[in-house]
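Chain by chain, the residues run as shown.
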Amino acid sequence: MALGFAGVAGSLTNTLLVMNFIYLFFGQSYAEVKDVAVSTLYGVILSVIAINGIPEAIVAGILTTAVCKALLRYAGKPALQ
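Residues numbered from 1 in each chain as written. Predicted model: local features only at pLDDT ≥ 70, side-chain atom pairs only at ≥ 80, totals over all residues. Heavy atoms only, no water.

J.: I keep staring at the side chain of Ser-11 and nothing clicks. Help me out?
T.: For Ser-11, the position within the fold is in helix H1 (residues 2-34). Once you skip the residues sitting within four places of it in the chain, Ser-11 turns out to touch Glu-56, Ala-57 and Ala-60. (Helix = DSSP H or I, 4+ residues; strand = E, 2+ residues; numbered from the N terminus. Contact = heavy atoms within 4.5 Å.)

J.: I'm lost on the packing of aromatic side chains in this one. Help?
T.: The geometry of an aromatic ring pair comes down to the distance between the two centres and the angle between the two planes. Evaluation of the coordinates by the stated rule reveals two aromatic pairs. Look at Phe-21 and Phe-25: their rings are 5.6 Å apart centre to centre, the planes differ by 35 degrees, and that puts the pair in the tilted class. Of this pair, Phe-21 and Phe-25 both sit in helix H1, separated by four residues, roughly a single helical turn. Phe-21 gets classed as partly exposed once you look at its relative accessible area, which sits at 42%. Residue Phe-25 is classed as exposed on the basis of its relative accessible area, which comes to 59%. (Phe/Tyr/Trp six-rings, centres within 6.5 Å; stacked < 30°, edge-to-face > 60°. Buried < 20%, exposed > 50% of the residue type's maximum accessible area, 1.4 Å probe, protein only.)

J.: What's the story with the nonpolar core in this structure? I'm lost.
T.: Proteins that are soluble and globular tend to have nonpolar side chains buried together. Membership of the largest hydrophobic core is limited to six residues, which are Met-19, Tyr-30, Ala-31, Leu-41, Ile-45 and Ile-49. For this core, the secondary structure elements donating two or more residues are H1 and helix H2 (41-75). (Core = buried A, V, L, I, M, F, W, Y, C linked by side-chain atoms within 4.5 Å.)

Right, here's the structure in full:
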């Protein structure tokens, strides 16, 4: 359970920070590239987070659990419960 949570948390942290920093530091340029008004840009960013970030976090949780359990078994350490 802890391994899956770590994978989900890490993925969401990365996605949320990157997308919010894009908004803060490159909002005007990003709005121009996406061809949207700056006033609606945060809605666009939230949709990117929802459409891409949530499925990515789910996959990251599953893969993190699988890979880390295999590595822990290989190292001879008990898997976290």
